[in-house]
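Notes for the structure review
These are the residues of each chain, in order.
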Amino acid sequence: MQIIFFVVGILIYLAGFVVFSGAKSSMHETVGLLIFINGTLFIIGAGIIDSINKQNKVKNS
């Protein structure tokens, strides 16, 4: 699950870069930055899932 979140986050970052680099107005720049934020949330989610999995492994061993 964490790998899926990480890969989706990277793909969303790339989509945000494409939108931001091709921006023709400030509205397009804002949309690009919002897409970057969504990518950040996915990558943070992957990190949280990873830390929970590591914590469960430590408790079980």
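I will try to describe carefully the structure that is included in this document. (Residues numbered from 1 in each chain as written. Predicted model: local features only at pLDDT ≥ 70, side-chain atom pairs only at ≥ 80, totals over all residues. Heavy atoms only, no water.)

To continue, consider the overall build of the chain. Scanning the chain from N- to C-terminus turns up 2 helices and 0 strands. A globule of 61 residues ought to have a C-alpha radius of gyration of about 10 Å, yet the chain, at 15 Å, is considerably larger. Dimensions along the principal axes, computed over C-alpha positions, put the chain at roughly 55 × 15 × 10 Å. Buried residues in the chain amount to 11% of all 61 residues. Put simply, of all contacts in the chain between residues at least 6 apart along the chain, 58% involve residues at least 24 apart. Of the roughly 4600 Å² that the chain leaves accessible, carbon and sulfur atoms contribute 72%. (Helix = DSSP H or I, 4+ residues; strand = E, 2+ residues; numbered from the N terminus. Rg over C-alpha atoms; globule rule 2.2 N^0.38 Å. Buried < 20%, exposed > 50% of the residue type's maximum accessible area, 1.4 Å probe, protein only. Contact = heavy atoms within 4.5 Å. Areas by Shrake-Rupley, 256 points an atom, 1.4 Å probe, with all protein chains shown as cover.)

Moving on, we get to the environment of isoleucine 35. On the secondary structure map, isoleucine 35 appears in helix α2 (residues 26-60). The spacing of isoleucine 35 and lysine 24 is 11 residues in sequence and 16 Å in space, taken between C-alpha atoms. The contact partners of isoleucine 35, leaving out residues within four places of it in the chain, are Ile12, Ala15, Gly16 and Val19.

Moving on to the pattern of salt bridges. Summed over all chains, the structure comprises 1 salt bridge. Note that lysine 54 and aspartate 50 form a salt bridge whose closest N and O atoms lie 3.5 Å from each other. In this pair, lysine 54 and aspartate 50 are both assigned in helix α2, 4 residues apart and thus about one turn of the helix distant. (Salt bridge = Lys/Arg side-chain N within 4 Å of Asp/Glu carboxyl O.)

Two elements in contact, helix α1 (residues 2-21) and α2, have axes separated by 8 Å at closest approach and are oriented at 165 degrees. Of the possible angle classes, the one that applies to α1 and α2 is roughly antiparallel. Seen along the crossing, α1 lies across α2 with a hand that is left-handed. The residue makeup of the contact of α1 with α2, split by class, is 18 nonpolar, 10 polar and 2 charged. (Axes fitted to C-alpha atoms, helices over the stretch in contact; angles between N-to-C directions. Parallel < 35°, antiparallel > 145°, perpendicular 65-115°, else oblique. Left-handed = near helix turned anticlockwise from the far one by under 90°. Nonpolar A, V, L, I, M, F, W, Y, C, P; charged D, E, K, R; others polar.)

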